[in-house]
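Summary of the model geometry
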Amino acid sequence: MDMDRPAALVTGASASIGAAFARELATRGHDLVLVARRAEPLHALAAELKDRHGTATEVLAADLTDRAQATAVEERLADAGRPIDLLVNSAGALSTGLFPKLPIEDEVRQVELNAIVPMRLTHSVLSVMLDRGKGSIINVSSIAGVAPTPFSATYCGGYSFLTTFSQSVDLEVCRYGVTVTAVLPGFTAAEADPARRIQAADRVVREALAANAAGRAVCVPGLRNKRAAAFARLAPRRLVRFVMRAAQDS
Ligand SMILES: NC(=O)c1ccc[n+]([C@@H]2O[C@H](COP(=O)([O-])OP(=O)(O)OC[C@H]3O[C@@H](n4cnc5c(N)ncnc54)[C@H](OP(=O)(O)O)[C@@H]3O)[C@@H](O)[C@H]2O)c1
């Protein structure tokens, strides 16, 4: 990697939002470290970005819920000799169903991936960022974390943690030139589908990067999601609960 070019590490880079981050960052002149379990799509993306933009890319294939494999990623982030300017935590998982019927070990792993792993990676990269007096962290959370949602209780709980954690750390480090932004997308896919309320991943990415550059600790991409998040934050709890229950029954 060229030390004159900014470097970003993106988890979940083998699919959807993470891959869209990698593509957008490559167009903006970043070199990249790509992380996910499957090496093949990461190498394919690395080849594409090298061809299109001359991007230098490292591939780190790792299951982030495996302590030994995650440690390799943490060590890469903490390497002051090869500093990372931007960390994007986009690896995540969703399970749905009646909570007591879901295998508990899967649910625990989901909290690990969606909440604990971003916390650990944020911790790993921050020392170097604070020493350098600059750096950016984008934690891809979910709008699902702003209100209680039946049948995805673990997902909502994990992202509720990640959103609040990210804002709290941002308050600690913003005076040292580092911004931590929690991004709360709604339904997102490679292609937008307004009829099904699905946003395009590249739009989510551009809004997230703009929010982080502006020093904002929270980014809710899209007007519809902004309205929903504002309702969940401002409306009385009982009303939010009523609406969420009605939405499930309809
Ligand atoms: N898409 C949406 O509608 C939406 C809405 C709100 C929030 N989000 C959140 O946004 C993030 C990205 O969403 P997405 O739509 O891009 O998800 P996705 O298409 O399901 O991709 C998930 C990514 O995480 C990686 N991953 C999964 N388990 C992993 C593990 N144990 N270790 C390392 N990497 C792992 C996957 O790669 P491998 O399979 O190769 O490991 C993949 O790159 C997630 O955190 C998701 O919860 C998504």
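Just so we're clear, the structure is a prediction, and the values are computed from it rather than from any experiment.

Before going further, it helps to spend a moment on the pattern of salt bridges. In total, this model carries 14 salt bridges according to the counting rule given. Arg-82 is the salt-bridge partner of Glu-58, the closest N and O atoms lying 3.6 Å from each other. Taken together, the residues span a long stretch of sequence, with Glu-58 in strand β3 (residues 57-61) and Arg-82 in the loop between α3 (67-77) and β4 (86-89) at a distance of 24 residues. Judged by relative accessible area, which is 22%, Glu-58 ranks as partly exposed. Bridged by salt links that share partners, the residues Glu-58, Arg-76, Asp-79 and Arg-82 form one connected network.

A few words now on the environment of Ser-160. Structurally, the position occupied by Ser-160 is in helix α5 (residues 153-173). The exposure class assigned to Ser-160 is partly exposed, which follows from its relative accessible area of 31%. Considered as a pair, Ser-160 and Val-146 are 14 residues apart in the sequence and their alpha carbons are 6.3 Å apart.

Glancing now at the UniProt feature "domain: Ketoreductase" (unreviewed entry) in the protein. Taking the numbering used here, the UniProt-annotated feature "domain: Ketoreductase" (unreviewed entry) corresponds to residues 6-186. A helix fraction of 49% and a strand fraction of 18% characterise residues 6-186, whose end C-alpha atoms lie 29 Å from each other.

In the contact formed by helix α1 (residues 16-27) and helix α6 (residues 201-213), the axes pass within 9 Å of each other and the chain directions differ by 60 degrees. It follows that α1 is oblique to α6 by the angle criterion. Once α1 is placed against α6, the crossing between them reads as right-handed. In contact with Ser-16, Ile-17, Ala-20, Phe-21, Glu-24 and Leu-25 of α1, α6 contributes Ala-201, Asp-202, Val-205, Arg-206, Ala-208 and Leu-209. For the contact of α1 with α6, a count of residues per class yields eight nonpolar, one polar and three charged.

With that settled, the discussion passes to the packing of α1 against helix α2 (residues 39-53). The N-to-C vectors of α1 and α2 enclose an angle of 20 degrees; their axes lie 10 Å apart at closest approach. Taken together, the axes of α1 and α2 lie roughly parallel to each other. Two packed elements cross with a definite hand, and for α1 against α2 that hand is right-handed. For the pair α1 and α2, contact is made by Ala-19, Ala-22, Arg-23, Ala-26 and Thr-27 and by Leu-45, Glu-48, Leu-49 and His-53, respectively.

What counts, and at which threshold
- Residues numbered from 1 in each chain as written.
- Predicted model: local features only at pLDDT ≥ 70, side-chain atom pairs only at ≥ 80, totals over all residues.
- Heavy atoms only, no water.
- Salt bridge = Lys/Arg side-chain N within 4 Å of Asp/Glu carboxyl O.
- Helix = DSSP H or I, 4+ residues; strand = E, 2+ residues; numbered from the N terminus.
- Buried < 20%, exposed > 50% of the residue type's maximum accessible area, 1.4 Å probe, protein only.
- UniProt positions renumbered as here; feature names shortened; annotations may be inferred.
- Axes fitted to C-alpha atoms, helices over the stretch in contact; angles between N-to-C directions.
- Parallel < 35°, antiparallel > 145°, perpendicular 65-115°, else oblique.
- Left-handed = near helix turned anticlockwise from the far one by under 90°.
- Contact = heavy atoms within 4.5 Å.
- Nonpolar A, V, L, I, M, F, W, Y, C, P; charged D, E, K, R; others polar.

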